[in-house]
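A look at the structure
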Amino acid sequence: MALLDNKKDILPLSSICELLSAKIRTLKMYEEKGLLPQKDNLMKKLYSIDDVKIIAFVHYLASFKKINANGIKYILEILDNNMDEKNKNDFLDSIEKKLEKISGKDIVDIESI
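Figured I'd write up the structure that's included with this text. The shown structure was predicted, so the numbers you read here are calculated from the model rather than taken from an experiment.

**Describing the packing of helix H3 (residues 49-64) against helix H5 (residues 85-100)**
For any two helices packed against each other, the geometry comes down to the angle between their axes and how far apart the axes lie. Here H3 crosses H5 at 55 degrees, and the two axes come no closer than 10 Å. Here H3 is positioned oblique relative to H5, judged by the angle of their axes. The two elements H3 and H5 meet at a crossing, and its hand is left-handed. The segment H3 lies against H5, with Lys-53, Ile-54, Ala-56, Phe-57 and Tyr-60 engaging Lys-88, Phe-91, Leu-92, Asp-93, Ile-95, Glu-96 and Leu-99. Residues belonging to the contact of H3 with H5 are distributed by class as follows: eight nonpolar, no polar and four charged.

**Some remarks on the nonpolar core**
By size, the foremost hydrophobic cluster in this structure holds 27 residues, and its most contacted members are Ile-16 and Phe-57. Going through the elements one at a time, helix H1 (13-20), helix H2 (24-32), H3, helix H4 (69-82) and H5 are the ones with two or more residues in this core. The element contributing the most residues to this core is H3, with nine residues. Discounting chain neighbours no more than four positions away, the residues touching Ile-16 are Leu-11, Leu-27, Tyr-47, Val-52 and Ile-55.

**Things to note about H4**
The end-to-end C-alpha separation of H4 is 20 Å, in line with the 20 Å expected for 14 residues at 1.5 Å each. Within H4, the full set of buried residues consists of Ala-69, Ile-72, Leu-76 and Leu-79. Buried residues of H4, seen end-on, are gathered within an arc of 85 degrees and therefore sit on one face of the element. Opposite the packed face of H4, turned more than 90 degrees from it, sit the exposed residues Asn-70, Tyr-74, Asn-81 and Asn-82. The inward-facing, buried residues of H4 abut H3 and H5. By the N-cap criterion, in which a side-chain oxygen at the helix start approaches the backbone nitrogen of a residue two or three places on, H4 is capped by Asn-68, the distance to Asn-70 being 3.3 Å.

**Considerations on unusual backbone geometry**
Phi at Ser-21 takes a positive value of approximately 55 degrees, unusual for a residue other than glycine. Along the polypeptide, Ser-21 turns up in the loop between H1 and H2. When its relative accessible area of 55% is taken as the criterion, Ser-21 is described as exposed. Even without glycine at this site, Lys-66 takes up a positive phi of about 60 degrees. Assignment of secondary structure puts Lys-66 in the loop between H3 and H4.

Thresholds, definitions, all that
- Residues numbered from 1 in each chain as written.
- Predicted model: local features only at pLDDT ≥ 70, side-chain atom pairs only at ≥ 80, totals over all residues.
- Heavy atoms only, no water.
- Axes fitted to C-alpha atoms, helices over the stretch in contact; angles between N-to-C directions.
- Helix = DSSP H or I, 4+ residues; strand = E, 2+ residues; numbered from the N terminus.
- Parallel < 35°, antiparallel > 145°, perpendicular 65-115°, else oblique.
- Left-handed = near helix turned anticlockwise from the far one by under 90°.
- Contact = heavy atoms within 4.5 Å.
- Nonpolar A, V, L, I, M, F, W, Y, C, P; charged D, E, K, R; others polar.
- Core = buried A, V, L, I, M, F, W, Y, C linked by side-chain atoms within 4.5 Å.
- Buried < 20%, exposed > 50% of the residue type's maximum accessible area, 1.4 Å probe, protein only.
- Expected span 1.5 Å × (residues − 1).
- Arc of directions from axis to C-beta.
- Polar contact = N/O pair within 3.5 Å; in protein donor to acceptor, adjacent residues only side chain to side chain.

Following this line, the structure appears as structure tokens:
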């Protein structure tokens with residue numbers, strides 16, 4: 001059995017919407033503002049598992065922390081320029097654990113996470 005390749009582009013944006021309990025229009029807006037990982041294939045954009053972590057982080061910052069597009073771009077730039085791949089993945093994994101505690105339907109106290 002082959003190991004999963006987290007960098008292989010396999011998921012369309014519609015599937016990521018289901019994973020994040022988000023609307024497709026919301027993720028398309030992030031894409032239009034340049035907040036999602038850039039893809040070369042313009043016909044059918046597919047995203048990897050690693051991309052999903054970034055997309056979930058962007059969605060968290062925009063939807064729950066109410067950070068605007070410029071602020072999110074700055075945060076992503078800091079991650080890309082100042083963290084090596086291991087630390088960046090560790091950070092995104094910790095964010096993912098926090099996001100697992102959040103339900104799209106019942107957010108009682110987001111600041112307590």
